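# Structural overview for review
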Amino acid sequence: MGNIFDILGPVMVGPSSSHTAGAARIGLIARQLFGRQPEKATVYLHGSFAATGKGHGTDKALIAGLLGMLPDDMRIPHSFDVAKEEGMAFKILNKDIKGAHPNTAQIVMEAEGVPTMKMQAYSIGGGRIRVCMMDGIDVNFSGETCTLIIRNIDEPGRIMDVSAALCKAEINIATMQVFRDKRGGCAVMVVETDQIVPQDAIDDLESKPGIIRVKFLDPNGSV
């Protein structure tokens, strides 16, 4: 059964649910996965985002999301000024990304003491998005549910370690997807859960051999 917001659309600052609200969601999820507000961000717009984004406020919405603003935040049209006040440097460029959805943005985030992160996502309308790449590895998730993103070495035992750690924390796994760049290279596990994963469980995961980085996305939380 559909959600009423599939018909009415999200509560948002307009004009477009796909090019404005969706763009703000992309920026916000990128910030949450990075773990803090970036000190420097480079945003690449592809396809329709590049062609009509300025008129729809896509550029300002993406920066607003990186600043922690929700799609209904009335400051979105002034996000460039807010970024300047808060010391977040940014560049917005157009880029042709082969095979990408027309409403695609790539975001590269940097901050002192934090590994640089690159995320690619696209807007599918109604304020909804899909994250399709992280740090060069193909992924596929919406960010609408509690989601663990685990970067690990592609070797035997890592999936078992993650499952055991979540079982110990009494966290139920709703879905699990595994992606990798090559056999024996880097891999990403995307684990959607029925509960919020507590920090001690995240710390436990990060302490395990072969686990490089763990990020948790709480759809109702903020960073």
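Conventions and cut-offs
- Residues numbered from 1 in each chain as written.
- Predicted model: local features only at pLDDT ≥ 70, side-chain atom pairs only at ≥ 80, totals over all residues.
- Heavy atoms only, no water.
- Disulfide = S-S within 2.5 Å.
- Buried < 20%, exposed > 50% of the residue type's maximum accessible area, 1.4 Å probe, protein only.
- Pairing = 2+ DSSP bridges.
- Helix = DSSP H or I, 4+ residues; strand = E, 2+ residues; numbered from the N terminus.
- Axes fitted to C-alpha atoms, helices over the stretch in contact; angles between N-to-C directions.
- Contact = heavy atoms within 4.5 Å.

Taken as a whole and assessed by the stated rule, the structure comprises 0 disulfides. With no disulfide of its own, Cys146 lies closest to Cys167 among cysteine sulfurs, the gap being 18 Å. Residue Cys146 is classed as buried on the basis of its relative accessible area of 12%.

What follows concerns the sheet that holds strand E7 (residues 146-153). Here we have 4 strands laid out as an open sheet, ordered E8-E9-E7-E10, and antiparallel in their pairing. Both outer strands of the open sheet, strand E8 (173-180) and strand E10 (211-217), are each paired with one neighbouring strand and no more. Averaged over all adjacent pairs, the angle separating strand axes in this sheet is 15 degrees, with direction ignored. The pairing of E7 with E10 spans 6 bridges and is antiparallel. Bridge pairing in E10 places Asn152 opposite Ile211. Of the strands in this sheet, E7, E8, strand E9 (186-193) and E10 touch helix H6 (residues 158-168), which is tilted by about 155 degrees from E8.

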